Amino acid sequence: MKNLSITLEKEIRKTIEHIDSCQWSNNKEFYADYVAQTFYYVRHSTRLLALCASRLNYETEQAIHLRFIKHLGEEFNHEKLALSDLKNLGYHIDDFSELVTTRLFYEPQYFKIEHERPLALMGYVLYLEALAQKFSPIVAKEISGKYGARSATFFQVHGDEDPKHVAEAVKMIGSLSEADLKSIENNLIQSSHSYNLLIEDLQNKWLQSSVKKAA
């Protein structure tokens, strides 16, 4: 568990460096596209949690199964927060295509649940929730000041709720086997790498767009 905590801190630090370089309030289209990509992967959250819960053993993993069901309920309709933010920014989800790097971020989770270990999903979940705990309140404040609070509801909600989720996840993970812990750690690293690629992809997309407009 100590190794996992160290890995989580290291990977979150890497992503924060990427996030700090983003023009959250200076490029409205960049932020809107980020919100759209968030919608594209968050709409899979309840499905991934449900799939993982369905694969957990009744005799040995019932408590964890019930925790996943509870978490599933807590994520209900969160993708609609992103759609609401887009609307209040003056955009629609159809204005932004799903990026390849977005699919690279969430699609492997289905494979890991079905063909590796169901609880590998916790690496993805823990990474996202620890990340939200770190940067959501800061970005929510910046975005609210620039575009209005109704354009940052996804950040606001997850900045408020995810610290509790992280604490619950850490408590649950502490009871798992070494094999599960290793699978979770590997997925955490992979998820971090994929998310960083998504951020880089968005930055490059809108940097190129800015250059074209200036030409």
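Residues numbered from 1 in each chain as written. Predicted model: local features only at pLDDT ≥ 70, side-chain atom pairs only at ≥ 80, totals over all residues. Heavy atoms only, no water.

K.L.:
Residues and numbers for the overall build of the protein, please.
P.N.:
In terms of regular secondary structure, the protein is built from nine helices and zero strands. Overall, the protein shows an N-to-C arrangement of helices and strands of α-α-α-α-α-α-α-α-α. Whereas a compact globule of 215 residues would reach a radius of gyration of roughly 17 Å, the protein reaches 17 Å, a difference of no more than 12%. With respect to the three principal axes, the spread of C-alpha positions in the protein is 60 × 30 × 25 Å. Surface exposure of the protein reaches about 10,700 Å², of which carbon and sulfur atoms provide 54%. (Helix = DSSP H or I, 4+ residues; strand = E, 2+ residues; numbered from the N terminus. Rg over C-alpha atoms; globule rule 2.2 N^0.38 Å. Areas by Shrake-Rupley, 256 points an atom, 1.4 Å probe, with all protein chains shown as cover.)

K.L.:
Residues and numbers for the nonpolar core, please.
P.N.:
Counting 63 residues, the largest nonpolar core has Trp24, Tyr41, Phe68 and Tyr195 as its most contacted members. Non-local contacts of Tyr41, meaning those with residues more than four positions away in its chain, are made with Tyr34, Thr102, Phe105, Tyr106, Tyr124, Leu128, Tyr195 and Leu198. (Core = buried A, V, L, I, M, F, W, Y, C linked by side-chain atoms within 4.5 Å. Buried < 20%, exposed > 50% of the residue type's maximum accessible area, 1.4 Å probe, protein only. Contact = heavy atoms within 4.5 Å.)

K.L.:
Give a detailed account of the packing of helix 1 (residues 2–20) against helix 7 (residues 121–147), specifying residues and quantitative values.
P.N.:
When two helices pack together, their arrangement is captured by the angle between the axes and the distance separating the axes. The N-to-C vectors of helix 1 and helix 7 enclose an angle of 55 degrees; their axes lie 10 Å apart at closest approach. With respect to their mutual orientation, helix 1 and helix 7 come out oblique. For the crossing formed where helix 1 meets helix 7, the hand is right-handed. Residues Leu4, Leu8, Glu11, Ile12, Thr15, Ile16 and Ile19 of helix 1 form the contact with helix 7, whose own contacting residues are Leu126, Tyr127, Ala130, Leu131, Lys134 and Phe135. Tallied by class, the residues present in the contact of helix 1 with helix 7 amount to ten nonpolar, one polar and two charged. (Axes fitted to C-alpha atoms, helices over the stretch in contact; angles between N-to-C directions. Parallel < 35°, antiparallel > 145°, perpendicular 65-115°, else oblique. Left-handed = near helix turned anticlockwise from the far one by under 90°. Nonpolar A, V, L, I, M, F, W, Y, C, P; charged D, E, K, R; others polar.)

K.L.:
An account of helix 2 (residues 28–42) is needed here, citing residue identities and associated values.
P.N.:
Its 15 residues place the ends of helix 2 21 Å apart at the C-alpha level, agreeing with the 21 Å of an ideal helix rising 1.5 Å per residue. Within helix 2, 13 of the 15 residues are buried, leaving the element largely enclosed by the surrounding structure. Put simply, Asn27 is the residue that caps the front of helix 2, since its side-chain oxygen is 3.2 Å from the backbone nitrogen of Glu29. (Expected span 1.5 Å × (residues − 1). Polar contact = N/O pair within 3.5 Å; in protein donor to acceptor, adjacent residues only side chain to side chain.)

K.L.:
Run through the pattern of salt bridges, naming residues and quoting values.
P.N.:
Scanning the model with the defined rule gives ten salt bridges in all. The partner of Arg13 in a salt bridge is Glu9, and the shortest N-O contact between them spans 3.7 Å. With Arg13 and Glu9 both in helix 1, this residue pair falls four residues apart, about one helical turn. The class for Glu9 is exposed, based on a relative accessible area of 53%. (Salt bridge = Lys/Arg side-chain N within 4 Å of Asp/Glu carboxyl O.)

K.L.:
Describe the confidence of the model for the protein, with residues and values.
P.N.:
Summary statistics for the protein give a mean pLDDT of 89 and a share of 93% for residues scoring 70 or more. Mean pLDDT values for the elements of the protein range from 73 in helix 8 (residues 153–173) up to 98 in helix 6 (residues 100–116). (pLDDT = per-residue confidence, 0-100.)

K.L.:
A description of empty space enclosed by the protein should follow, citing residues and the corresponding values.
P.N.:
What the rule picks out here adds up to three cavities of 30 Å³ or more. Counted as a void, the largest cavity has a volume near 300 Å³. Along the walls of the largest cavity sit 22 residues, with Tyr41, Val42, Leu128, Glu129 and His158 positioned nearest its centre. Secondary-structure elements contributing two or more residues to the lining of the largest cavity are helix 2, helix 3 (45–54), helix 7 and helix 8. Among the elements that take part in the lining of the largest cavity, helix 7 stands out by supplying nine residues, more than any other. Considering only residue class, the lining of the largest cavity consists of 15 nonpolar, four polar and three charged. (1 Å grid on protein atoms, 1.4 Å probe; cavity = no way out; pocket = protein on both sides within 12 Å on 5 of 7 lines; lining within 4 Å. Points joined across faces, edges and corners; volume = space filled by probe spheres on them.)

K.L.:
So what about unusual backbone geometry? Which residues, and what values?
P.N.:
Here Asn77, not a glycine, exhibits a phi torsion of approximately 65 degrees, which is positive. Here Asn77 lies in the loop between helix 4 (58–74) and helix 5 (79–89).

K.L.:
Can you lay out the packing of helix 6 against helix 7 for me, pointing to particular residues and giving the numbers?
P.N.:
It is the contact of helix 6 with helix 7, at a shortest axis distance of 9 Å, that shows an interaxial angle of 145 degrees. The segment helix 6 lies against helix 7, with Phe105, Tyr106, Gln109 and Ile113 engaging Leu121, Tyr124, Tyr127 and Leu128. Here the residues of the contact of helix 6 with helix 7 sort into seven nonpolar, one polar and no charged.

K.L.:
An account of the environment of Cys52 is requested, with residue identities and associated values reported.
P.N.:
Along the chain, Cys52 falls in helix 3. Taking the relative accessible area as the measure of exposure, Cys52 reaches 0% and is therefore buried. Residues Cys52 and Ala120 lie 68 residues apart in sequence; the distance between their C-alpha atoms is 9.0 Å. Discounting chain neighbours no more than four positions away, the residues touching Cys52 are Phe68, Ile113, Pro118, Leu119 and Leu121.

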